[in-house]
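Remarks on the overall topology
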Amino acid sequence: APHALHAEKEAWWAETARVISRCFGCDCPLVCCIDANDPLGASCSPAVGPVGANDQPYSSELFHHFMLKFHLCAPSTFIEPVSGNGETWVSSNGAFRKRHDYVVVPQRWKLAVTSAFVDQDIDLAIEREDHAVACVVLDASASVAPSSGHWVRRPYDRALFEDPLRRETFLQ
């Protein structure tokens, strides 16, 4: 998600939701690895739990609403981290640390999540500490609630994704 004013973030989340609604059938499991640029936790729901709660600015509600719309959840907000405190972002001067990065999975997978943690060993090859990698481990043998049907594959032309002008046509 962008570092931006509220109106820009609102437009970005609305466009992201529109694209996902168009490209994914409701039966296709959606998993997002996202730098949301906002903390979660002040407001709990089926999408967000109380673990590692941060003050939640209004712009965080946009991400929260996105997860509710697509029946997603952020497991790191429901499960205590294996180690550390779950913070994934540090300010440029090192004074502030927050959880801004998430792995988001379908809510029906919540019981299959065995751990959520931040992997400090993955080198992102950046000049200074900035983001750390959020991870979620799922038990693939766990019984999760079935989807309401089968995966609906949406036809598309791969060339549309290679040409920026044609990509815009596809997204409309």
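Worth saying up front: this structure is predicted, and the values here are computed from it rather than measured. (Residues numbered from 1 in each chain as written. Predicted model: local features only at pLDDT ≥ 70, side-chain atom pairs only at ≥ 80, totals over all residues. Heavy atoms only, no water.)

1. Points about empty space enclosed by the protein
Enumeration over the complete set of coordinates arrives at 1 cavity of 30 Å³ or more. Roughly 130 Å³ of internal volume is contained in the largest cavity. Residue lining of the largest cavity: 18 residues in total, with Ser76, Gly86, Arg99, Phe117 and Val118 positioned closest to the centre. Looking at the lining of the largest cavity, the elements that each hand over two or more residues are strand E5 (101–106), strand E6 (113–119) and strand E7 (133–138). When its residues are assigned to classes, the lining of the largest cavity shows 11 nonpolar, 5 polar and 2 charged. (1 Å grid on protein atoms, 1.4 Å probe; cavity = no way out; pocket = protein on both sides within 12 Å on 5 of 7 lines; lining within 4 Å. Points joined across faces, edges and corners; volume = space filled by probe spheres on them. Helix = DSSP H or I, 4+ residues; strand = E, 2+ residues; numbered from the N terminus. Nonpolar A, V, L, I, M, F, W, Y, C, P; charged D, E, K, R; others polar.)

2. Points about the nonpolar core
Among the nonpolar cores identified, the biggest contains 19 residues, and Phe63, Phe66, Met67, Leu72, Tyr102 and Val104 are the most heavily contacted of them. Secondary-structure elements contributing two or more residues to this core are helix H1 (6–23), strand E1 (32–35), helix H2 (60–69) and E5. Considering each element in turn, this core owes the most residues, 4 residues, to H2. Those residues in contact with Phe63, other than ones at most four positions away along the chain, are Trp13, Ile34, Ala36, Leu40, Tyr102 and Val104. (Core = buried A, V, L, I, M, F, W, Y, C linked by side-chain atoms within 4.5 Å. Buried < 20%, exposed > 50% of the residue type's maximum accessible area, 1.4 Å probe, protein only. Contact = heavy atoms within 4.5 Å.)

3. Some thoughts on H2
Those residues of H2 that fall on the buried side of the exposure criterion are Ser60, Leu62, Phe63, His64, Phe66 and Met67. Tucked into the core, H2 has its buried residues touching H1, E1, strand E2 (72–73) and E5. Looking one or two residues beyond H2, the residue adopting positive phi is His71, at roughly 55°.

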